[in-house]
Amino acid sequence: MRLFDFFRLNRRNRNTAETARQRLQVLVALDRSGGGGPDFLPLLQRELLEVIRKYVEIDLDRVKVELERGNGFSTLEVNVELPTEHLERRAAV
Amino acid sequence: MSKVIVVTSGKGGVGKTTSAAALATGLAQRGHRTVVIDFDVGLRNLDLIMGCERRVVFDFVNVINDGIRLHQALIKDKRVENLYILPTSQTRDKEALTREGVEKVIAELRKEFAYIICDSPAGIEKGAQMALYYADEAVVVTNPEVSSVRDSDRILGILNSKSRRAEIGEEPMKQHLLLTRYDLDRVQRGDMLKLDDVLEILAIPVLGVIPNDPLVLQCSNVGMPVILEPKSKAGQAYKDSVGRLLGEQIELRFTQPQKRGLVDWLLRRSA
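Conventions adopted
- Residues numbered from 1 in each chain as written.
- Chains lettered and ligands numbered in written order.
- Predicted model: local features only at pLDDT ≥ 70, side-chain atom pairs only at ≥ 80, totals over all residues.
- Heavy atoms only, no water.
- Helix = DSSP H or I, 4+ residues; strand = E, 2+ residues; numbered from the N terminus.
- Buried < 20%, exposed > 50% of the residue type's maximum accessible area, 1.4 Å probe, protein only.
- Contact = heavy atoms within 4.5 Å.
- Areas by Shrake-Rupley, 256 points an atom, 1.4 Å probe, with all protein chains shown as cover.
- pLDDT = per-residue confidence, 0-100.
- Pairing = 2+ DSSP bridges.
- Axes fitted to C-alpha atoms, helices over the stretch in contact; angles between N-to-C directions.
- Phe/Tyr/Trp six-rings, centres within 6.5 Å; stacked < 30°, edge-to-face > 60°.
- Parallel < 35°, antiparallel > 145°, perpendicular 65-115°, else oblique.
- Left-handed = near helix turned anticlockwise from the far one by under 90°.
- Nonpolar A, V, L, I, M, F, W, Y, C, P; charged D, E, K, R; others polar.

(A) Geometry of the overall build of chain A. A count of helical and extended segments in chain A gives three helices and two strands. Beginning at the N terminus, the succession of helices and strands in chain A can be written as α-α-α-β-β. Counting over 93 residues, chain A shows a buried share of 23%. In chain A, the proportion of contacts linking residues at least 24 apart, taken out of those at least 6 apart, comes to 39%. For chain A, the exposed area adds up to about 6,900 Å²; of that, 55% sits on carbon and sulfur atoms.

(B) Geometry of helix α6 (residues 126-133) of chain B. Summarising burial for α6(B): six of the eight residues are buried, a large majority. All of the buried residues in α6(B) are B:G127, B:A128, B:M130, B:A131, B:L132 and B:Y133.

(C) Seen up close, the confidence of the model for chain B. Confidence along chain B averages 94 in pLDDT terms, with 98% of residues attaining 70 or more. Here the prediction assigns the complex a pTM of 0.85, and the interface score ipTM is 0.79.

(D) Geometry of the sheet that holds strand β4 (residues 83-86) of chain B. All names here are of chain B. Taken together, the eight strands give an open sheet; going across it, the order is β3-β4-β2-β5-β1-β6-β7-β8, and neighbouring strands pair in mixed fashion. Strands at the two margins of the open sheet, each flanked by one partner only, are β3 (75-76) and β8 (206-211). Helix α12 (residues 233-245) rests against β1 (3-8), β6 (137-142), β7 (174-182) and β8 of the sheet, and its axis sits at about 175° to β8.

(E) Here's a closer look at the packing of aromatic side chains. Residue and element names in this part refer to chain B. In total, this model carries three aromatic pairs over all chains according to the counting rule given. Judged by centre distance (5.1 Å) and plane angle (80°), the rings of F39 and F60 are edge-to-face. Of this pair, F39 sits in the loop between β2 (34-38) and α2 (46-50) while F60 sits in helix α3 (residues 60-65), placing them 21 residues apart in sequence. Each member of the pair, F39 as well as F60, is classed as buried. Summarising the aromatic geometry, the rings of Y133 and Y134 are spaced 4.8 Å apart at their centres and angled 85° between planes, so their arrangement reads as edge-to-face.

(F) Layout of the packing of α6(B) against helix α7 (residues 146-162) of chain B. All names here are of chain B. Direction vectors running N to C along α6 and α7 enclose 60°, while the axes themselves pass 10 Å from each other. Between α6 and α7, the interaxial angle falls into the category oblique. In this structure, the crossing between α6 and α7 has a hand that is right-handed. When α6 is examined against α7, the residues Q129, L132 and Y133 are found in contact with a partner set consisting of I158, L159 and K162. When grouped by side-chain class, the residues that make up the contact of α6 with α7 number four nonpolar, one polar and one charged.

(G) Representation of the packing of helix α2 (residues 16-32) of chain A against helix α11 (residues 214-222) of chain B in the model. Between α2(A) and α11(B), the shortest axis-to-axis distance is 7 Å and the interhelical angle comes to 40°. When the interaxial angle is binned, α2(A) and α11(B) end up oblique. Here the hand of the crossing between α2(A) and α11(B) comes out left-handed. Along the contact surface, α2(A) presents A:T16, A:A17, A:T19, A:A20 and A:R23, while α11(B) presents B:Q218, B:S220, B:N221 and B:V222. Within the contact of α2(A) with α11(B), the residues separate by chemical class into three nonpolar, five polar and one charged.

Okay, structure coming up:
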């Protein structure tokens, strides 16, 4: 989507206003319905990790939570890296 | 050695976020690991200008108050290597930032990043003071317009008295003027303050003069820092400003009228 926008701009397509309108529609709808951000996420993550920790030891720096907001739906993606015995303990970059 | 740079102005709507996004992107393009932080709690906009608004999960305030790890809140830019965004909360208010919390986050960022760009909220109250407190350098964004110049002077006073450097008596913060929305035609007609007028009043070195450019709006429409648009004069002027921030001697552009040839004239008519 962004790549598409980028090419559009490069081709001097003037209709960036339409892109702005669409981006704003999604955002403003989110803002109005409970104020924008999913505030439950920090708590959700904490509880989720507690459950996982019952079974395996995990490194908190190797947990990645990603949210992709779409027009009709959003995707929540939680990536937890499980350690092997030889896991390198270097700092996450 | 990492550098914390606050982008501030006092007045709202002069181009702080646009400038913070452009400078951070430019520094990253030059190979420096850079993070840009949105300090405008409750009115977050940096993510929109950077085009990553759909990818915000955790934010600056979550890191300070909710035990979220810093690296979980950092958003890696998809276009430029070495560039990260730390968004702020849209739901909390300025009280959510504490000096200790901000200090901890900045100390952690200093370990990983060469440049930490703090996008300040407008005003001179708590939010703006929080953004400038830990800065090593300040970029004061000013429009060639009376109220903006006056507010810039006010914020310079605050930089000199209320920053950490001022409080503990360290070497004063380096300050740079970034004059934005500069309309050379109006300056020549005598309708707009010229660079020298602004410099005479504010008396700080100039980092750059950014011409008024319609592409700035088009870039913000699609969520792209204007410095990534090679055709944009504002983008080119930001590139020069990044060079100067890195200590290079680069002559100012777009501050003197250019002689126009026939081709230029035709191009301008078709643009």
